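Descriptive analysis of the structure
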Protein chains: 2
Amino acid sequence: MRRFKPLLRDVGRVAKRVDRFITDLLRDVKPRLLRTAALHLIRAGGKRLRPYLCVKAFEATTRRFINIEPVIPVAAAIELLHNFTLVHDDIMDQSDMRRGVPTVHIKFGTPLAIDAGDLLFAKVYEAVLSGVGRYYSVHVAHRILQEITHVSVTLCQGQAEDILREKTLVSPSEYFHIVEWKTSSLMIAAVRCGAYIARASKADIDALSTYAKFLGVGFQIVDDILGVIGVQEVTGKPVGDDLRAGKPTLILYHALSHAKGSARRILEKVVGNPSASDRDVKCAIETIMQLGSIDYARKQARDALDRAKQALSELRESDARQRLSDLADFVLERTY
Amino acid sequence: MRRFKPLLRDVGRVAKRVDRFITDLLRDVKPRLLRTAALHLIRAGGKRLRPYLCVKAFEATTRRFINIEPVIPVAAAIELLHNFTLVHDDIMDQSDMRRGVPTVHIKFGTPLAIDAGDLLFAKVYEAVLSGVGRYYSVHVAHRILQEITHVSVTLCQGQAEDILREKTLVSPSEYFHIVEWKTSSLMIAAVRCGAYIARASKADIDALSTYAKFLGVGFQIVDDILGVIGVQEVTGKPVGDDLRAGKPTLILYHALSHAKGSARRILEKVVGNPSASDRDVKCAIETIMQLGSIDYARKQARDALDRAKQALSELRESDARQRLSDLADFVLERTY
């Protein structure tokens, strides 16, 4: 992972700037416990990948002197939007842990968690509006707000599909459809908003959107892999929970399509069974690996990330473009 | 109530136009059940008072030919925002009934209700953005979005205070503080947004804001009264629930400040006791009436509504101004 050191240093630099903006934006929130609840997941960690995408898309397409200040309010808005969805999704999905800490509703109770999510959503708009006049025109803000509103509606619709969907087996095409609204959509919004501030050309915006779409697919597949074979202390999420929940992934699709006999029986015992024992889960994970389902998923992730990198070739050469390319490589190699 | 017939006809006319806009705005929402959940409370009724305030504020301050089309997207946004808060507040407060029907989370489950609320919130912004260029400039939209975002943050903060507050007795000054964020704030936002579209003067905007502030106070006090002595079939909310919940009202403040002996005992048996019997609740209501607490609250409502009407004298004479004045009278006399 040593080759990613410069990338991760850059990611960290942007994250620090974004976090400071968010902390300032929520400084006056009262009562104090509402602020603590709203900041809970943000303080627990996270890579700030989406704001990073926003900032790099800006840098990769701007023709002016590079100073990332103009894009920070919008990068922060993207992160706030992401956190708003996490807080509410965790309630809807009854998830107890995230980023290695108890989720907001577990720590603060469901009422305050709903309210904290709503506050974060309102702060998304406050963040964008705060940069008008100073960093971008009211016209650019209008495009950004349209993008953010559009993706918010998409995320709500996707979440509802998730709630209402029959669990377990999905086809690969259905899987890619889910990932597009669930993961890619916000990454696409992130790069587009950054590009709007740079007043990028339509061709550049399209190239970045394609990049973000496939980055999202690769990211989600790797996330699914880590959900099965990751180390809880590193990922912050209990291993096996995805299997117990019967979360629809390419891995499960592959495994259930190929498992026969005793392999099939052990999978059926665990998948979609919240009370499956740790021992059975461990057995199921071994079965999945023996069936080659992890390798299959990793291959799909690599293909998607290759396509993400290809899309970048439409952009002029720049340090920012290189970082975005490195990020695609990192997404494949990451262990958390 | 015959004198309010022209007012109520006008309210109904605006409501119809706003409802059509909202239905159109949500037409393509998928899955279907998410749309049904999001529209559930809107379809259940409601007076559309807040959009009406928005429309009348526009009419009372515009200098151009009066056509209410330009203000409909924003009036609808105000109603969507109101409904978003109702859906989420009902989950947080564990309310089972509203507008005579089961609340959204009771009917559709908490996960879909949270999601439907989020969707309504996103649609608030979509509604406002949809009118840009056609009905108002991007600059006017910017002011409206600032107003809406500001009030959203206020409502979230107020809701958190509500969740965390010690129940029962509050002082009148604390009560007025609560009402200001809980009821007045959105009414103030409604009139201001309408006035922004009319490009009203600062003096007119200030007068309308004062009107809306006191209208909200009067409205809330009457709401509290109906929560104690209203008829469930008319109000749509179970009578006595406010007492059982220990909801802080001027009525309770007055009653608990004056009750002695057996009157005090019966109040203490019911207030803040979710499992109080219907018989004890009935007894408590009678006690409250005998103590003059309803009369006291009604007097406070009348005073607030008088101040609301006084504020209108700053505006030029118009039919719209007269309607706003009539609305203040109606708020005092309403039984639902």
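Note on numbering: residues in each chain are counted from 1, in written sequence order. Working convention: letters from A go to chains and numbers from 1 go to ligands, in the order in which they are written. The predicted origin of the model limits local features to residues at a pLDDT of at least 70 and limits the giving and counting of side-chain atom pairs to 80 or more, whereas totals for whole chains, interfaces and linings rest on all residues. Based on all heavy atoms of the structure, the side-chain values leave hydrogens and waters out of the count.

Where helices and strands are cited, they refer to DSSP runs of H or I of at least four residues and of E of at least two residues respectively, numbered from the N terminus. Along chain A, the regular secondary structure elements total 16 helices and two strands. Restricting the calculation to C-alpha atoms gives the radius of gyration, and the globule rule supplies 2.2 Å times the number of residues raised to the power 0.38. Radius of gyration (C-alpha) of chain A: 20 Å, near the 20 Å computed for a compact globule of 336 residues. With the principal axes as the frame, chain A shows a C-alpha extent of 65 × 50 × 35 Å. Out of the 336 residues in chain A, the part that is buried amounts to 60%. When checking whether two residues touch, look at their non-hydrogen atoms; a contact exists if any pair is within 4.5 Å. If you take every contact in chain A between residues at least 6 apart in sequence, the share linking residues at least 24 apart comes to 76%. Carbon and sulfur atoms make up 49% of the accessible area of chain A, which amounts to about 14000 Å² in all. Averaged over its 50 positive side-chain charges, chain A has a centre that lies 4 Å from the centre of its 40 negative ones. Accessible area is worked out with a 1.4 Å probe on protein chains only. A residue is then buried under 20% of its type maximum, exposed over 50%, and partly exposed in between. Note on areas: Shrake-Rupley, 1.4 Å probe, and residue coverage restricted to the protein chains presented here. Residues scored as positive are Lys and Arg, those scored as negative are Asp and Glu, and His as well as the terminal groups of each chain are ignored. A charge is said to be at NZ when it belongs to Lys, at CZ for Arg, at CG for Asp and at CD for Glu.

Moving on, we come to the pattern of salt bridges. A pairing counts as a salt bridge when a side-chain nitrogen of Lys or Arg comes within 4 Å of a carboxyl oxygen of Asp or Glu. The tally for this structure, following the rule as stated, stands at 51 salt bridges over all chains. The partner of Asp24(B) in a salt bridge is Arg27(B), and the shortest N-O contact between them spans 2.6 Å. Judged by relative accessible area, which is 48%, Arg27(B) ranks as partly exposed. Across the salt bridge formed by Lys202(B) and Asp206(B), the nearest N and O atoms sit 2.7 Å from each other. In this pair, Lys202(B) and Asp206(B) are both assigned in helix 9 (residues 202-229), four residues apart and thus about one turn of the helix distant. With a relative accessible area of 60%, Lys202(B) lands in the exposed category. Classification of Asp206(B) as partly exposed rests on a relative accessible area of 32%. Within this structure, Asp10(A), Arg13(A), Lys56(A), Glu59(A) and Arg323(A) form a network of salt bridges that share partners.

Residues and elements named next belong to chain A. Between Lys30 and the following residue, Pro31, the backbone shows a cis peptide bond with an omega angle of -5°. When you line up the elements, Pro31 lands in the loop between helix 1 (5-25) and helix 2 (32-43). Positive phi outside glycine occurs at Gln94, with the angle close to 55°. Residue placement: Gln94 occurs in the loop between helix 4 (72-92) and strand 1 (97-98). Of note in this structure, Arg99 is not a glycine but carries a positive phi near 50°. Tracing the backbone shows Arg99 in the loop between strand 1 and strand 2 (101-102).

What follows covers the relation of the copies chain A and chain B. The atoms used to superpose the copies are C-alpha atoms, taken from residues with pLDDT of at least 70 in both, and the fit is least squares. Mapping chain A onto chain B leaves a residual RMSD of 0.0 Å; the transformation is a rotation of 180° accompanied by 0.0 Å of translation along its axis. Accordingly, the operation relating the two chain copies is best matched by a two-fold axis. Residue Val138(A) of chain A places its C-alpha closer to the rotation axis than any other residue of that unit, at 3.4 Å. When the interface residues of chain A are mapped onto chain B, 100% of them again lie at the interface, so the same face is used by both copies.

On to the packing of aromatic side chains, then. Two aromatic rings, drawn from Phe, Tyr or Trp (for Trp, its six-membered ring), form a pair once their centres lie within 6.5 Å of each other, and the interplanar angle then sorts them: stacked below 30 degrees, edge-to-face above 60, tilted otherwise. Evaluation of the coordinates by the stated rule reveals 10 aromatic pairs over all chains. Ring centres of Tyr175(A) and Phe176(A) lie 5.7 Å apart, and the angle between their planes is 75°; on these two criteria the pair is classed as edge-to-face. A relative accessible area of 2% means that Tyr175(A) is categorised as buried. Relative to Phe330(B), the ring of Phe4(B) has its centre 5.4 Å away and its plane inclined at 75°; by these criteria the two rings are edge-to-face. Taken as a pair, Phe4(B) in the segment before helix 1 (5-25) and Phe330(B) in helix 16 (residues 319-333) lie far apart in primary sequence, 326 residues in all. Like Phe4(B), the residue Phe330(B) is buried in the burial classification. Among the aromatic residues, ring-to-ring pairing joins Phe84(A), Phe121(A), Tyr125(A), Phe84(B), Phe121(B) and Tyr125(B) into one connected group.

Here we take up the nonpolar core. By convention a nonpolar core is built from buried Ala, Val, Leu, Ile, Met, Phe, Trp, Tyr and Cys residues, the set being connected through side-chain atoms within 4.5 Å. In terms of nonpolar packing, the biggest core is built from 262 residues, with Leu26(A) and Leu26(B) touching the most fellow members. The contact partners of Leu26(B), leaving out residues within four places of it in the chain, are Arg35(B), Ala38(B), Leu39(B), Leu80(B), Leu119(B), Leu120(B) and Lys123(B).

Turning next to helix 16 (residues 319-333) of chain A. Residue and element names in this part refer to chain A. Here a helix's expected span is defined as the number of its residues, less one, multiplied by 1.5 Å. A rise of 1.5 Å per residue sets the reference length of helix 16, with its 15 residues, at 21 Å; its end C-alpha atoms lie 21 Å apart and thus fit the reference within 8%. Those residues of helix 16 not exposed but buried are Ala320, Leu324, Ser325, Asp326, Leu327, Ala328, Asp329, Phe330, Val331 and Leu332. At its buried positions, helix 16 is contacted by helix 1, helix 3 (49-61), helix 9 (202-229) and helix 15 (293-312).

Checked against the element boundaries, Ser152(B) lands in helix 7 (residues 138-164). For Ser152(B), the residues in contact, after removing those within four places along its chain, are Ala122(A), Leu81(B), Phe121(B) and Tyr125(B).

A separate point is the side chain of Arg244(B). All names here are of chain B. By the element assignment, Arg244 lies in helix 11 (residues 241-245). On the accessibility criterion, Arg244 (11% relative accessible area) is buried. Once you skip the residues sitting within four places of it in the chain, Arg244 turns out to touch Val239, Val270, Val271, Gly272, Asn273, Pro274, Ala276, Ser277, Asp278 and Val281.

Between chain A and chain B, the contact holds 38 residues from the first and 38 residues from the second. N or O atoms within 3.5 Å of each other form a polar contact, as long as, within protein, one can give a hydrogen and the other can take it, and as long as residues adjacent in sequence are counted only when both atoms are side-chain atoms. Applying the counting criterion to the chain A and chain B interface returns six residue pairs in polar contact (both at pLDDT 80 or more). Of all the secondary structure elements, the ones that give two or more residues to the side of chain A that touches chain B are helix 2, helix 4, helix 6 (110-130) and helix 7 (138-164) of chain A. The element contributing the most residues to the side of chain A that touches chain B is helix 7 of chain A, with 15 residues. Residue classes follow a fixed rule: Ala, Val, Leu, Ile, Met, Phe, Trp, Tyr, Cys and Pro count as nonpolar, while Asp, Glu, Lys and Arg count as charged, and any other residue, Gly among them, counts as polar. Residue classes in the side of chain A that touches chain B are distributed as 23 nonpolar, eight polar and seven charged.

Attention shifts here to the packing of helix 6 of chain A against helix 4 (residues 72-92) of chain B. Packed helices, taken two at a time, are described by the angle between their axes plus the distance between the axes. At a minimum axis distance of 9 Å, the contact between helix 6 of chain A and helix 4 of chain B shows a crossing angle of 155°. Considering their axes alone, helix 6 of chain A and helix 4 of chain B lie roughly antiparallel with respect to each other. In this structure, helix 6 of chain A meets helix 4 of chain B at a crossing whose hand is left-handed. Each of Pro111(A), Ile114(A), Asp115(A) and Asp118(A) in helix 6 of chain A lies in contact with helix 4 of chain B, whose residues at this interface are Phe84(B), His88(B), Ile91(B) and Met92(B). Counted by class, the contact of helix 6 of chain A with helix 4 of chain B contains five nonpolar, one polar and two charged residues. To obtain an axis, a line is fitted to C-alpha atoms, over the contacting stretch when the element is a helix, and the angle between two such axes runs from 0 to 180 degrees between their N-to-C directions. Roughly parallel covers angles under 35 degrees, roughly antiparallel covers those over 145, roughly perpendicular covers 65 to 115, and oblique covers all other angles. Each helix crossing is assigned a hand: it is left-handed if the near helix lies turned anticlockwise from the far helix by less than a right angle, otherwise right-handed if that turn is clockwise.

Bringing the confidence of the model for chain A into the picture now. A residue's pLDDT is the predictor's confidence in that residue, given on a scale from 0 to 100. Looking at chain A, pLDDT values average 94 and 96% of them are 70 or higher. The complex model carries a pTM of 0.95, and its ipTM stands at 0.95.

Bringing the packing of helix 3 of chain A against helix 9 of chain A into the picture now. Residue and element names in this part refer to chain A. Close contact between helix 3 and helix 9 brings their axes to 11 Å; oriented N to C, the two are set at 155°. Compared by their axis directions, helix 3 and helix 9 come out roughly antiparallel. For helix 3 against helix 9, the interelement crossing comes out right-handed. Residues Leu49, Arg50, Leu53, Ala57 and Thr61 of helix 3 lie in contact with helix 9, whose contacting residues are Asp204, Leu208, Tyr211, Leu215 and Phe219.

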